[in-house]
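# Coordinate inspection notes
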Amino acid sequence: MIKIINVCLGVLFALLLGWQVQEHLPYQLCQLEHTNLFLGDWDRLWASLGEMGGFVKWIGTFGIQFFDKPFWGSVVFLLPVWGLFAMTGCILRRKCASAGLWIPLAAWVAVAQLFSLYDFNFYWSGAVALCMAVAGLWVCSFLKSSWLQTILFIVGIPVVAWLWGSVVVVYVLGGIGLFFEKKKTLWTALVPLLFCGGTIALNYFLGGCPTWMNAISPTQYFEPLLDIPSYHLFTWILVVLLLGISRFLTWNVEKKQVLAGVICVLGWLLPSGALIYYGSTFRNQSNIDLWRLNHYAYTEDWDGILQFLHGKPMNNYLFMNYVNMALAQKGTLGSQAFHYSPRGLNALMVNANSTGSIRMLASDIQYMVGCVAEAQQHAFEAQVTFPTSLGIQTLKRLVKTNLILGHYAVAEKYLQLIEKTTFHKEWAATYQAFLYNDEAIEADAELGDKRRSLSQKNRFAMFYGWQPELEDILTANPKNEKAMLYLGLGFLLNKDMEGFHRFLDKYYGTEALQTLPVVFQQGVIALFQQEKQKWENYDLSPQVVKMYNQYRDLYFKNQRQPNMKNIMARSFGHTFWYYLMFV
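A few points on the structure.

Rules and cut-offs
Residues numbered from 1 in each chain as written. Predicted model: local features only at pLDDT ≥ 70, side-chain atom pairs only at ≥ 80, totals over all residues. Heavy atoms only, no water. Helix = DSSP H or I, 4+ residues; strand = E, 2+ residues; numbered from the N terminus. Buried < 20%, exposed > 50% of the residue type's maximum accessible area, 1.4 Å probe, protein only. Contact = heavy atoms within 4.5 Å. Areas by Shrake-Rupley, 256 points an atom, 1.4 Å probe, with all protein chains shown as cover. 1 Å grid on protein atoms, 1.4 Å probe; cavity = no way out; pocket = protein on both sides within 12 Å on 5 of 7 lines; lining within 4 Å. Points joined across faces, edges and corners; volume = space filled by probe spheres on them. Nonpolar A, V, L, I, M, F, W, Y, C, P; charged D, E, K, R; others polar. Core = buried A, V, L, I, M, F, W, Y, C linked by side-chain atoms within 4.5 Å. Arc of directions from axis to C-beta. Expected span 1.5 Å × (residues − 1). Salt bridge = Lys/Arg side-chain N within 4 Å of Asp/Glu carboxyl O. Axes fitted to C-alpha atoms, helices over the stretch in contact; angles between N-to-C directions. Parallel < 35°, antiparallel > 145°, perpendicular 65-115°, else oblique. Left-handed = near helix turned anticlockwise from the far one by under 90°. Patch = residues over 30% accessible without salt bridge, like charges linked within 9 Å, V, L, I, M, F, W, Y side chains within 5 Å.

Quick look at the overall build of the protein now. Along the backbone of the protein there are 31 helices and zero strands. Of all 583 residues assigned to the protein, the portion counted as buried reaches 53%. In the protein, the share of contacts with a sequence separation of at least 24, taken over all contacts with a separation of at least 6, comes to 68%. Carbon and sulfur atoms provide 60% of the accessible area of the protein, an area that totals close to 27300 Å².

Here you go:
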């Protein structure tokens, strides 16, 4: 009975792991793929073999290239977790008396490992390394001769250390618990300990690992510029403890089948409950939301951005930036700019910080409106935030900006890197055609429009701020509608009506502003409330004028009401007039 329970609940637990990842992490996996480019050339492989744990990093990057694939990305991500779970369970089954009762303990190892992987800064290669180390112990346990087990185990120490890295500590301590059982031979456990210590010391002094902590702890599998949280040690400790005490886990259940069955079921339910209940503690939902929006922007899924943010409270500028960018790309920013509750000029572009995703957002916005040099700067600085990897998203942006700027040698360098990938080499082949070919660039709808928007002034990018930069773009390319919208909206969001007046005088009737979009028409009415005869100069639509009359009537009707703001918001919260008076 216990065997059937373990098989059924073990399969269900594995499926639960898959459901948790598919439900909560798909966009974290996409972000991992966007920031960890796999280059499939022999030079990278040979270079990885030149450092302690370098090979597992290479394998990790190889696996990450599949992470953005629907469903299969989650499967690849979970392979080392499922493998660790299965290997640990198999070892417990071989070593424990009444093994069926103790197999559910392996589920705790899987939960702990998945919680570590919830941390974006913990490398997937760390899970691969631990899985392979336990797999090595599992292979050794199949040998019937204890001497052969010991010899194979000891010979495997330098191999595990060099290929898989600091996880050799788990391999050695776990192996001692498994293979050095007799009291008379316990002293021989010093042999693998000394061998392990010597291997680590040799690697350290030969420069195979930068610090001692890298050589003996999970620090090797964590972002080097950050402090690793202590809970990442728990998986290692748990594996060593389970392997070490496995031979002491005994209980005669032959006459207590019902009780054993109940305990076995509880053994599976407890880690399952912990996975579901405590999972959110280890996930960073705000980052996951940002990575989701970044993925939508990278894939140009503007409807995805709007659908995801529809109904969400617009309580941070990042959401506002993504909404306005999506509306601009869809061509509806001029009519829906105030539908998502913007707040000030930062609603158009937040100040970039040292975070890669936010730098990439700034690059996306600057690139969209035609600030090519600024887009390149932010993309380059976003790449700098990935100290141990290359990002496909940043490299593609750097290819485009350098092609637009005519820096063909630099663009060629980036294209040569992208050509070595599995899933992006066709993209690289497409853009190879633009190298040293001004005519092809100028004829391309995207690159040509951006080149025509380049400022004619020789100065540092953004030296005088964003408004003069947008004005320079419109001087160079009067057809740039997105730059026109962002420039005009900047005045409205700042409630700078004098600036908006100057904007209208300068640009109304030009190629990008032949007719005023709805929000600019609302701005005209707010600007000339007492001079209605001037409305005729801007060809306002009857619908906008009618809406303003309704707004004014409702305002005067309820101006003495204490909840007037809420009353106005229900009907006119999406208008510039409401924003001007109540926000």
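Considering only enclosed or pocket space, the second largest pocket measures out at about 500 Å³ in volume. Taken together, 21 residues form the lining of the second largest pocket, with Ala297, Glu300, Arg397, Lys400 and Glu446 sitting closest to its centre. A class-by-class count of the residues in the lining of the second largest pocket yields eight nonpolar, four polar and nine charged.

For the rest of this paragraph, the subject is the nonpolar core. Judged by nonpolar contacts, the single largest core of 83 residues is most densely connected at Phe13, Phe77, Val167, Val168 and Tyr171. Counting residues per element, this core draws most heavily on helix H7 (residues 124-141), at 11 residues. Listed in part, the 77 residues of the second largest apolar core include Ala347, Leu361, Tyr551 and Met564.

Turning our eyes to something else, we now look at unusual backbone geometry. Of note in this structure, Glu300 is not a glycine but carries a positive phi near 60°. Note on placement: Glu300 falls in the loop between helix H14 (285-298) and helix H15 (302-309). Classification of Glu300 as exposed rests on a relative accessible area of 53%.

Glancing now at helix H22 (residues 425-432). Every buried residue of H22 is accounted for by Trp427, Ala428 and Tyr431. One face of H22 carries all of its buried residues, which in axial projection span an arc of 100°. Where H22 is buried, its residues meet helix H20 (392-405), helix H21 (408-418) and helix H24 (445-452).

The end-to-end C-alpha separation of H14 is 20 Å, in line with the 20 Å expected for 14 residues at 1.5 Å each. Ile288, Asp289, Leu290, Trp291, Leu293, Asn294, His295, Tyr296 and Ala297 are the residues of H14 that are buried. The secondary structure elements touched by the buried residues of H14 are helix H1 (2-24), helix H2 (26-35), H15, helix H16 (317-330), helix H18 (356-369) and H20. Downstream of H14 by one or two residues, Glu300 has phi in the positive range, about 60°.

Right, let's talk about the pattern of salt bridges for a bit. Applying the stated criterion to the full structure yields 11 salt bridges. Here Asp41 and Lys420 are joined by a salt bridge, their closest N and O atoms 3.5 Å apart. Of this pair, Asp41 sits in the loop between H2 and helix H3 (42-48) while Lys420 sits in the loop between H21 and H22; the two residues are 379 residues apart in sequence, bridging distant segments of the chain. Put simply, Glu442 and Arg451 hold a salt bridge, and the shortest N to O gap is 3.8 Å. Accessibility expressed as a relative area gives 44% for Glu442, which makes it partly exposed. Judged by relative accessible area, which is 15%, Arg451 ranks as buried. Three or more residues joined by partner-sharing salt bridges are found here, namely Asp438, Glu442 and Arg451.

The next thing to look at is the packing of H16 against H18. At a closest axis distance of 11 Å, the pairing of H16 and H18 adopts a crossing angle of 30°. Classed by the angle they form, the pair H16 and H18 counts as roughly parallel. For H16 against H18, the interelement crossing comes out left-handed. Judged by residue contacts, Leu318, Asn321, Tyr322, Met325, Ala328 and Gln329 of H16 engage Ser357, Ile358, Leu361, Asp364, Ile365 and Met368 from H18.

Residues Val139, Leu143, Trp147, Leu148, Ile151, Leu152 and Val155 make up a contiguous nonpolar surface patch of about 670 Å² in total accessible area. It is helix H8 (residues 146-164) that provides the largest number of residues to the nonpolar patch, a total of five residues. You can see Leu143 is positioned in the loop between H7 and H8. Leu143 sits in the partly exposed class, given a relative accessible area of 30%.

Let's shift gears to the packing of H8 against helix H10 (residues 190-205). The N-to-C vectors of H8 and H10 enclose an angle of 25°; their axes lie 10 Å apart at closest approach. For the element pair H8 / H10, the angle class is roughly parallel. Remark: the crossing between H8 and H10 carries right-handed chirality. Here H8 contributes Phe153, Ile154, Ile157, Pro158, Ala161 and Trp162 to the contact with H10, which in turn contributes Val191, Pro192, Phe195, Cys196, Thr199 and Asn203. Of the residues assigned to the contact of H8 with H10, the class counts are 10 nonpolar, two polar and no charged.

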